[in-house]
Amino acid sequence: MALWFWFFSLLSVGIGLRKYSNSLDRKVSSNSSGYLSKNNMNDWAFKNFQTWYIVIFILSRLSDWMLGPYVYKLYDYFNY
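Residues numbered from 1 in each chain as written. Predicted model: local features only at pLDDT ≥ 70, side-chain atom pairs only at ≥ 80, totals over all residues. Heavy atoms only, no water.

Within the protein chain one finds two helices and zero strands. The buried share of the protein chain, reckoned over its 80 residues, is 12%. Carbon and sulfur atoms provide 67% of the accessible area of the protein chain, an area that totals close to 7,100 Å². (Helix = DSSP H or I, 4+ residues; strand = E, 2+ residues; numbered from the N terminus. Buried < 20%, exposed > 50% of the residue type's maximum accessible area, 1.4 Å probe, protein only. Areas by Shrake-Rupley, 256 points an atom, 1.4 Å probe, with all protein chains shown as cover.)

Structure representation (structure tokens):
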């Protein structure tokens, strides 16, 4: 039950971050001059990096957390 809760929680966070990233895309692409300035491009790239970093970080932490009980079973099996 807890596994499904975490799965859907992380899925909703990922979807929310993706929508936030898409809204940043629209804001950057709709500037008044019609092209991306260097500062806007750097802001967009950094926000995109932050979004993907947190998604991948959370998924890696979740996968590590889910494998924990199996690692302790191995420790017990090999008498560590």
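Right, picking up where we left off after that structure.
This next bit is on the packing of aromatic side chains. Taken as a whole and judged by the stated rule, the model has four aromatic pairs. Considering the side-chain rings of Tyr-53 and Phe-57, the 6.2 Å spacing of their centres and the 10 degrees angle between planes classify their relative orientation as stacked. Linking Tyr-53 with Phe-57, this pair stays in helix H2 (residues 38-77), spanning four residues, or about one helical turn. Look at Tyr-53 and you get exposed, because its relative accessible area is 51%. (Phe/Tyr/Trp six-rings, centres within 6.5 Å; stacked < 30°, edge-to-face > 60°.)

A few words now on the environment of Met-66. Along the chain, Met-66 turns up in helix H2. For the pair Met-66 and Leu-3, spaced 63 residues apart in the sequence, the C-alpha separation amounts to 8.2 Å.

Below, the discussion takes up the environment of Leu-10. Within the fold, Leu-10 resides in helix H1 (residues 2-29). With 48 residues separating them along the chain, Leu-10 and Ile-58 place their C-alpha atoms 7.7 Å apart. Sequence-distant contacts of Leu-10, defined by excluding residues within four places in its chain, comprise Ile-58, Leu-59 and Leu-62. (Contact = heavy atoms within 4.5 Å.)

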